[in-house]
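Notes for the structure review
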Amino acid sequence: FIESDAVVFDENKGETVYTGNVTARQGSLEVKGDKMIVNQQKGEADQIIIYGNPARLQQTPDGGGPDNHGIGKRADYFPDSGILILNGDAMTWEGPDPDSSEHTVKSDHIEYDTRNAIYKAGSSRSGSRRVHVRIIPKEEKPSE
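1. A few points about the overall build of the protein
Looking only at helices and strands, one finds 0 helices and 10 strands in the protein. The secondary structure elements of the protein, listed N-terminal to C-terminal, are β-β-β-β-β-β-β-β-β-β. With the principal axes as the frame, the protein shows a C-alpha extent of 70 × 35 × 25 Å. Here the protein holds 144 residues, and 32% of them are scored as buried. Within the protein, contacts between residues at least 6 apart in sequence are counted, and of these 33% link residues at least 24 apart. Only carbon and sulfur atoms are counted for the fraction: they give 47% of the accessible area of the protein, which is about 9,700 Å². For the protein, the distance from the average site of its 17 positive side-chain charges to the average site of its 24 negative ones is 6 Å.

The following block contains the structure:
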C-alpha cells in the first residue's frame, strides 16, 4: 500500500516514481520519505529506493518485542535478497526512540540483512567517517 502526493509510472523503463509525503506499508513494515522509486523487472519490484530528510523505516519484529527503526538520507531495499541499505547520516535502533534504545548503530552506511538479522556498518574506505555503536548493559538482578 503506497500513498503520495503524485506518481509517475514509466512502463518502458519499468519504473514508478512517487513524490511528496510518501508512505508505504507492507505487513508490519512502514516507510516514509519525500520520494520513492520502484524499479521493476518482469512485473516484480527488484529495487526500492527511498529518499528523505531523513527517510524513515519502522518494523515490528515477527516474534514481538520493540519496533526496529532506521533513518538515512537514502534507503535501498532489495526484496529478492531482503537486503536494506541506509546511506547518509544513517542510524538504526530498537524501541520508541534512539536515546532509550539498548542498541543504537550510527554510520554513513549501514547494511541490514532482514532475513538473517545481520548488520554491517561503515566501510574500509570511510576515512574519518567512523561507526558508532551504543550498547546499554542490562541491569543485574540482585542475588538472593
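2. A closer look at the nonpolar core
Membership of the largest hydrophobic core comes to 16 residues, with the highest contact counts inside it found for M36, I50, L57, A75 and L86. Put simply, the parts of the chain that give this core at least two residues each are strand 3 (15-26), strand 4 (29-41), strand 5 (44-59), strand 7 (83-94) and strand 8 (103-113). The leading source of residues in this core is strand 5, at 4 residues. If we skip the residues at most four places from it in the chain, M36 touches I2, T16, V17, Y18, V22, A24, I48, I49 and I50.

3. Thoughts on the packing of aromatic side chains
For the coordinates displayed, the defined rule picks out 1 aromatic pair. An angle of 35 degrees between the planes, with centres 4.5 Å apart, marks the rings of Y112 and Y119 as tilted.

4. Focus: the pattern of salt bridges
A complete count under the given rule lists 5 salt bridges for this structure. One salt bridge connects E30 with K32, and the closest N-O pair in it is separated by 4.0 Å. E30 sits in the partly exposed class, given a relative accessible area of 23%. Of the charged contacts in the structure, one is a salt bridge between D76 and R74, with a shortest N-O distance of 2.7 Å. Under the relative-accessibility criterion, D76 is labelled buried at 6%. A residue is classified by how much of its surface remains accessible, and R74, at 28% relative accessible area, is partly exposed. If you follow the salt bridges from partner to partner, you end up with R25, E30 and K32 in one network.

Rules used throughout
- Residues numbered from 1 in each chain as written.
- Predicted model: local features only at pLDDT ≥ 70, side-chain atom pairs only at ≥ 80, totals over all residues.
- Heavy atoms only, no water.
- Helix = DSSP H or I, 4+ residues; strand = E, 2+ residues; numbered from the N terminus.
- Buried < 20%, exposed > 50% of the residue type's maximum accessible area, 1.4 Å probe, protein only.
- Contact = heavy atoms within 4.5 Å.
- Areas by Shrake-Rupley, 256 points an atom, 1.4 Å probe, with all protein chains shown as cover.
- Lys, Arg positive; Asp, Glu negative; His and termini not counted.
- Charge placed at Lys NZ, Arg CZ, Asp CG, Glu CD.
- Core = buried A, V, L, I, M, F, W, Y, C linked by side-chain atoms within 4.5 Å.
- Phe/Tyr/Trp six-rings, centres within 6.5 Å; stacked < 30°, edge-to-face > 60°.
- Salt bridge = Lys/Arg side-chain N within 4 Å of Asp/Glu carboxyl O.

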